[in-house]
Amino acid sequence: MKALDRKLLRDLRQSWSQALTIALVVASGVAGFVTTLSAVDSLARARDRHYAEAHFADVFATVKRAPLALGETLRAVPGVADLQLTVEQTVRIGIDGVDDPILGHLIGIDPRHPPRINRIALRAGRMPQAVADGGEADGIEALVSAGFADARGLRPGTRLRALVNGRQRTLRIVGIALSPEYVFAGYGGMPDMRGFGVFWIDRDTLAAASDMDGAFNRVAATLAPGASRAEAVAGIARVISPWGGREAHDRTEQTSHAMLDNEIREQRVLGTVLPVIFLAVAAFLLNVVISRTIATQREQIAALKALGYPDRRIAGHYFTQVVAIVAVGLLLGLGLGKWLGTAMVGLYAEFFHFPRFEHRMAPGLVLASAAIALATAALGTANPLLATMRLAPAEAMRPPSPGRYRPTLAERLGLRRLPTVLRMILRNLERRPLRSGLAVAGVAAAVAIVILGNFFRDAIETIVDSKFRVELRADVIVWLAEPAEAAAVHELARLPGAILVEAGRDVPVRIVHGHRSERVALQGLPARPVLQRIVDVDDRAWSPSPDGLLLTDRLADKLGLRIGDTVRVEVLEGRARVLFLPLRATVRDMMGLNAYMERGALNRALGEDDLAGRFPVAVERGGEARFLAAAMGLPRIVGAFSKATLWRNMQEISARNIRIMSTILTAFATVIAIGVVYNNARIALAERTWELASLRVLGFSRAEVSALLLGEMALVIALALPLGMLSGYGLVHLLVELLRSDQFYFPVALRPRTYAWACLAVLAAAAASALVVRRRIDRLDMVAALKTRE
């Protein structure tokens with residue numbers, strides 16, 4: 001073994017604790033990078049594979065009722081490669097022993113000819129068979145979506161009830177299925193796996209029950225390679241328009257795909273932003289440690305140069321020490337990233353359902369992690385290594401030039417009655433402003449990351465509180481299969497438990513401005529809504545315009561609209577109509593791209609009577625079950641939404657996942673805090689060993705000597721805490737803008753407990769570091785420390 005190699009091992013052994021803390025910071029950055037990006041890559045890979053194997057459609061359209069013969073005309077639309085026509089219907093589902101309102105989406109399939117588009121993958125059981133004459137008494141055979149089956153514990157052989165076209169039917173589960181259309185199967189984009197299920201049954205049976213014999217109401221099409229998606233969508237929309245065609249859209253507006261695509265985009269942002277912070281702190285620590293190591297080994301460096309070792313060899317020796325530390329962090333980070341990535345895929349599997357979904361860490365990701373870790377080592381040590389190469393042997397033989405002392409800022413301001421220990425601490429911090437500033441910045445970064453980790457919990461709680469308590473004051477929302485006279489509120493108000501009922505209406509429309517357009521639901525609300533209000537991110541309530549539109553600000557920005565512009569609104573319900581409405585105001589809300597209008601004005605603009613299709617209801621305490629039981633007996637009601645049930649179902653998965661994410665980020669931030677505080681304290685102890693030993697000889701007690709070092713640490717932390725809070729607030733703002741999407745706008749909601757938790761986490765890390773440093777001070781060898789070359 002060569003002399004420099006033995007020296008390398010000796011240096012690493014002597015500074016093992018510092019090397020370990022730096023390696024852990026590197027590991028945290030690499031683990032964050034690998035965890036998020038490997039999980040997202042696995043998610044995207046499972047999606048692409050499932051889409052390809054199942055022939056996921058490119059274009060979707062819905063009609064009121066059209067003859068099957070129209071399929072030939074649709075196949076002739078330019079760009080259409082294949083077409084599938086189905087009968088689909090949303091119904092109420094009943095399960096024995098379950099009072100919660102459940103919606104089911106029935107899809108008709110031909111058991112003899114499995115779907116060519118949006119193919120079904122069986123996870124268990126078998127395909128349903130056609131119902132023979134008189135065979136329905138044993139129940140209609142059905143497949144059920146995997147997410148709903150898992151949430152409700154359904155197995156082949158389970159029986160359920162479905163209200164189809166006003167008549168109760170029995171569904172007998174014969175298999176559990178997965179479909180590319182319902183990778184994410186939540187009604188209206190809500191993560192409620194217990195309240196919404198998809199069922200595939202015999203097409204002829206569903207058509208007969210829905211009065212759709214010889215007809216269809218749903219179109220799915222795949223496009224030829226190179227075909228224009230926009231032209232195909234427009235062509236299909238033109239063909240279905242005379243038949244009550246409500247909409248035609250591509251994948252980007254398909255609910256499941258949009259939720260999946262949004263999750264992938266958000267996690268790619270997180271997987272990039274957070275590791276940059278961790279690795280920047282690691283580079284800072286490496287710079288400080290290597291600079292200190294080189295400063296304490298000036299004589300050795302001079303001797304090596306005098307013995308003929310070239311500058312590059314000496315610099316390479318110190319860089320090898322850094323690479324060894326980073327390599328340990330890289331290996332730990334890859335192992336931790338693999339474990340956490342696998343766990344994250346398991347969490348994803350509760351929301352997104354694929355035939356095959358396994359964690360995969362791509363070789364390219366491992367190579368990228370290694371390259372980033374190596375770049376961190378190079379950036380962190382470039383300056384001290386260059387200084388080593390420039391150091392002349394004769395200069396290195398001499399002790400470092402003594403520092404230039406001058407009165408501190410406090411002394412210059414006339415604060416001369418400060419305690420002696422405090423003046424010494426302030427003087428030492430001012431002598432090294434760059435190092436002190438970087439130490440404060442490192443601790444502040446730890447505070448900011450803890451704040452960021454807990455921000456998601458605060459944001460979700462704020463969204464839920466705003467949506468479920470401030471905006472939605474109703475306990476139940478019921479809706480009809482078709483809009484009916486708004487006087488139905490009186491019928492609902494007479495049901496047991498009902499206190500107050502409001503009438504609303506949702507109309508699918510396409511809002512067009514120039515070459516931009518967006519498909520949304522135009523929500524007709526009362527002039528002064530009480531049970532379902534419009535609330536912005538600041539919890540301010542808005543009223544719908546009586547003669548124009550109120551739009552989400554993100555929707556207005558996406559379409560390039562300004563207040564006062566006239567908006568083209570294409571109605572996608574019933575007969576084709578085009579409205580021209582002024583944009584009266586915009587509101588910054590948190591979920592979705594929304595459009596609002598006063599319900600009476602909306603009905604007048606459509607040229608229709610006083611119609612409504614959605615009814616928010618406030619019920620008396622404890623009366624929800626009685627109201628739902630009575631409401632479900634009304635044949636016109638197609639579904640109901642229970643606020644309490646949805647909240648409970650969301651809590652089971654969403655809240656737990658948020659807690660897991662916050663815990664992981666807090667643990668990573670604590671590692672940063674320990675790394676920064678401990679290394680700063682160890683370096684200060686090494687630099688000031690002679691000074692501290694001199695004070696001990698002069699009669700200072702161990703506590704007084706410790707107060708110098710630990711007081712400096714405390715002052716750094718005291719400066720870092722408020723800076724970290726401000727940095728965390730700014731980092732949250734940056735992340736909110738990066739994560740901004742059509743589905744969500746996270747409010748910058750940071751609760752006092754988040755700041756308190758961030759401070760406690762850093763203080764706990766500092767306390768642990770202080771105990772270690774105090775122990776080393778107590779064991780200080782004063783004879784060895786007082787030896788000097790002077």
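None of these values were measured; they are calculated from a predicted model. (Residues numbered from 1 in each chain as written. Predicted model: local features only at pLDDT ≥ 70, side-chain atom pairs only at ≥ 80, totals over all residues. Heavy atoms only, no water.)

### A word on unusual backbone geometry
For residues besides glycine, phi is generally negative; the peptide bonds are generally trans as well.
For step 1, the next point in the chain: Its identity is not glycine, yet Asp-211 carries a phi of approximately 55 degrees, on the positive side.
For step 2, the next point in the chain: In this structure, Asp-211 sits in the loop between α5 (203-209) and β10 (215-223).
For step 3, the next point in the chain: Here Asp-539, not a glycine, exhibits a phi torsion of approximately 65 degrees, which is positive.
For step 4, the next point in the chain: As for its position among the elements, Asp-539 is in the loop between β16 (534-535) and β17 (541-542). (Helix = DSSP H or I, 4+ residues; strand = E, 2+ residues; numbered from the N terminus.)

### Remarks on the confidence of the model for the chain
For step 1, the next point in the chain: Taken as a whole, the chain shows an average pLDDT of 83; of its residues, 92% reach a score of 70 or greater.
For step 2, the next point in the chain: Ranking the helices and strands of the chain by mean pLDDT puts strand β21 (residues 595-598) first, with 93, and helix α12 (residues 409-412) last, with 64. (pLDDT = per-residue confidence, 0-100.)

### So, helix α2 (residues 16-54)
For step 1, the next point in the chain: With 39 residues, α2 ought to run about 57 Å at 1.5 Å a step, and its terminal C-alpha atoms sit 54 Å apart, in line with that.
For step 2, the next point in the chain: With 31 of its 39 residues buried, α2 lies for the most part within the structure.
For step 3, the next point in the chain: Just downstream of α2 lies His-55, where phi reads positive at about 55 degrees. (Expected span 1.5 Å × (residues − 1). Buried < 20%, exposed > 50% of the residue type's maximum accessible area, 1.4 Å probe, protein only.)

### Observations concerning the packing of aromatic side chains
For step 1, the next point in the chain: Under the defined criterion, the tally for this structure stands at six aromatic pairs.
For step 2, the next point in the chain: Residues Tyr-51 and Phe-56 carry aromatic rings whose centres are separated by 4.4 Å and whose planes lie at 35 degrees to one another, so their mutual orientation is tilted.
For step 3, the next point in the chain: Each ring, one from Tyr-348 and one from Phe-352, has its centre 6.1 Å from the other, and the planes form 55 degrees; the classification is tilted. Of the two residues, Tyr-348 and Phe-352, neither departs from the other in class, the shared state being buried.
For step 4, the next point in the chain: Three or more aromatic residues joined by ring pairs form one cluster here, namely Tyr-51, Phe-56 and Phe-60. (Phe/Tyr/Trp six-rings, centres within 6.5 Å; stacked < 30°, edge-to-face > 60°.)

### Description of the sheet that holds β10
For step 1, the next point in the chain: Strands sit in the order β2-β10-β1-β11 across an open sheet of four strands; the sheet is antiparallel. Bordering the open sheet on either side are β2 (80-86) and β11 (247-250), each of which pairs with just one other strand. Neighbour to neighbour, the strand axes of the sheet diverge by 25 degrees on average, direction disregarded.
For step 2, the next point in the chain: Against the sheet, helix α6 (residues 229-240) engages β1 (59-67), β2, β10 and β11, with an angle of about 165 degrees to β11. (Pairing = 2+ DSSP bridges. Axes fitted to C-alpha atoms, helices over the stretch in contact; angles between N-to-C directions. Contact = heavy atoms within 4.5 Å.)

### Re the side chain of Glu-518
For step 1, the next point in the chain: Checked against the element boundaries, Glu-518 lands in strand β15 (residues 516-525).
For step 2, the next point in the chain: For Glu-518, a relative accessible area of 11% puts it in the buried group.
For step 3, the next point in the chain: A polar contact is formed between the side chain of Glu-518 and the side chain of Lys-558, at a distance of 3.2 Å. (Polar contact = N/O pair within 3.5 Å; in protein donor to acceptor, adjacent residues only side chain to side chain.)

### Some words on the pattern of salt bridges
For step 1, the next point in the chain: Overall, the coordinates contain 32 salt bridges when judged by the stated rule.
For step 2, the next point in the chain: Across the pair Asp-538 and Arg-540 runs a salt bridge, and its minimum N-O distance is 3.5 Å.
For step 3, the next point in the chain: Relative accessible area serves as the criterion here: at 52%, Asp-538 is assigned to the exposed category.
For step 4, the next point in the chain: On the basis of relative accessible area, Arg-540 is assigned to the partly exposed category, the value being 49%.
For step 5, the next point in the chain: Each of Arg-45, Arg-49 and Glu-358 takes part in salt bridges that share partners, so that together they form one network. (Salt bridge = Lys/Arg side-chain N within 4 Å of Asp/Glu carboxyl O.)

### Some points on a nonpolar patch on the surface
For step 1, the next point in the chain: There is a patch of nonpolar side chains on the surface, built from Trp-16, Leu-20, Leu-24, Val-328 and Leu-332 and spanning about 450 Å² of accessible area.
For step 2, the next point in the chain: Broken down by secondary-structure element, the contributors of at least two residues to the nonpolar patch are α2 and α9 (311-348).
For step 3, the next point in the chain: For the nonpolar patch, the leading source of residues is α2, giving three residues. (Patch = residues over 30% accessible without salt bridge, like charges linked within 9 Å, V, L, I, M, F, W, Y side chains within 5 Å. Areas by Shrake-Rupley, 256 points an atom, 1.4 Å probe, with all protein chains shown as cover.)

### What about the environment of Ser-17?
For step 1, the next point in the chain: Mapping Ser-17 onto the fold places it in helix α2.
For step 2, the next point in the chain: Of the residues examined, Ser-17 reaches a relative accessible area of 8% and is grouped as buried.
For step 3, the next point in the chain: Ignoring anything within four residues of it in the chain, the contact list for Ser-17 reads Tyr-678, Arg-682 and Arg-776.

### Let's talk about the sheet that holds strand β19 (residues 566-571)
For step 1, the next point in the chain: With mixed pairing, six strands are arranged side by side around a closed barrel as β14-β15-β21-β18-β20-β19. Strand-to-strand twist across the sheet, computed as the mean angle between neighbouring axes with direction ignored, equals 45 degrees.
For step 2, the next point in the chain: Taken together, the four bridges between strand β18 (residues 549-552) and strand β20 (residues 577-587) define a ladder with parallel strand orientation. Looking across to β20, one finds that Leu-551 is bridged to Thr-586.
For step 3, the next point in the chain: Contacting β14 (505-513), β15, β19, β20 and β21, helix α17 (residues 599-606) runs over the sheet at an angle of about 90 degrees to β21.

### Some details on the pairing of β18
For step 1, the next point in the chain: Across two bridges, the pairing between β18 and β21 is antiparallel. In the strand pairing of β21, Leu-551 is matched with Ala-595.

### Things to note about the environment of Arg-65
For step 1, the next point in the chain: In this fold, Arg-65 is placed in strand β1.
For step 2, the next point in the chain: Note on Arg-65: relative accessible area 41%, which makes it partly exposed.
For step 3, the next point in the chain: Separated by 151 residues in the primary sequence, Arg-65 and Phe-216 place their C-alpha atoms 5.9 Å from one another.
For step 4, the next point in the chain: Ignoring any residue separated from it by four or fewer positions in sequence, one finds Arg-65 in contact with Asp-211, Met-212, Asp-213, Ala-215, Phe-216 and Trp-243.
For step 5, the next point in the chain: A distance of 3.1 Å separates the side chain of Arg-65 from the backbone oxygen of Asp-211, its partner in a polar contact.
For step 6, the next point in the chain: Of the polar contacts made by the side chain of Arg-65, one reaches the backbone oxygen of Asp-213; its length is 3.3 Å.

### Focus: the nonpolar core
For step 1, the next point in the chain: Val-443, Phe-455 and Ile-672 are the most contacted members of the largest nonpolar core, which totals 102 residues.
For step 2, the next point in the chain: Those residues in contact with Val-443, other than ones at most four positions away along the chain, are Val-676, Val-677, Val-716, Ile-717, Ala-720 and Val-762.
For step 3, the next point in the chain: With 27 residues, the next largest nonpolar core counts Ile-95, Ala-142, Leu-178 and Met-212 among its residues. (Core = buried A, V, L, I, M, F, W, Y, C linked by side-chain atoms within 4.5 Å.)

### Let's talk about the pairing of β19
Remember that side chains alternate between the two faces of the sheet whenever the strand is regular.
For step 1, the next point in the chain: Burial of β19 is one-sided: the residues Val-567, Val-569 and Val-571 facing one way are buried, the residues Thr-566, Arg-568 and Glu-570 facing the other way are not.
For step 2, the next point in the chain: With six bridges joining them, β19 and β20 adopt antiparallel strand pairing. Counterpart to Glu-570 in the pairing with β20 is Val-578.
For step 3, the next point in the chain: Where β19 folds back onto β20 in an antiparallel hairpin, the turn is made up of five residues, including Gly-574, whose phi is positive at roughly 70 degrees.

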